Amino acid sequence: MPQIHLDEDTVARLDSLRQEDEDYDEIVTELINIYEAEELTLFHGGDEV
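Residues numbered from 1 in each chain as written. Predicted model: local features only at pLDDT ≥ 70, side-chain atom pairs only at ≥ 80, totals over all residues. Heavy atoms only, no water.

## Re the overall build of the chain
The number of helices and strands found in the chain is 2 helices and 0 strands. Every one of the 49 residues in the chain was classed for burial, and the buried ones make up 6%. Carbon and sulfur atoms form 53% of the exposed surface of the chain, whose accessible area is close to 4900 Å². (Helix = DSSP H or I, 4+ residues; strand = E, 2+ residues; numbered from the N terminus. Buried < 20%, exposed > 50% of the residue type's maximum accessible area, 1.4 Å probe, protein only. Areas by Shrake-Rupley, 256 points an atom, 1.4 Å probe, with all protein chains shown as cover.)

So, in structure tokens, the structure goes:
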């Protein structure tokens with residue numbers, strides 16, 4: 001598993017997104033899924049003219 005080092009501001013932003021005892025892996029995975037879903041939506045949205 002790769003190690004990622006985050007600065008204090010990033011950790012603070014992640015902490016503000018945490019719900020109950022959610023760990024950082026869950027938050028990051030959710031953010032990646034949201035990013036990928038939005039990217040696919042934007043990519044396909046431009047296909048229809």
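Now, onward.
## Concerning the packing of aromatic side chains
Following the criterion strictly, the structure yields 0 aromatic pairs and no others. Between the NZ or CZ atom of Arg 18 and the centre of the ring of Tyr 24, over which it lies, the distance is 5.0 Å. (Phe/Tyr/Trp six-rings, centres within 6.5 Å; stacked < 30°, edge-to-face > 60°. Lys NZ or Arg CZ within 6 Å of the ring centre and 35° of its normal.)

## Some remarks on the environment of Asp 15
You can see Asp 15 is positioned in helix α1 (residues 8-17). The partly exposed category is assigned to Asp 15, whose relative accessible area is 36%. In sequence terms Asp 15 and Ile 27 are 12 residues apart; their C-alpha atoms lie 9.3 Å from each other.

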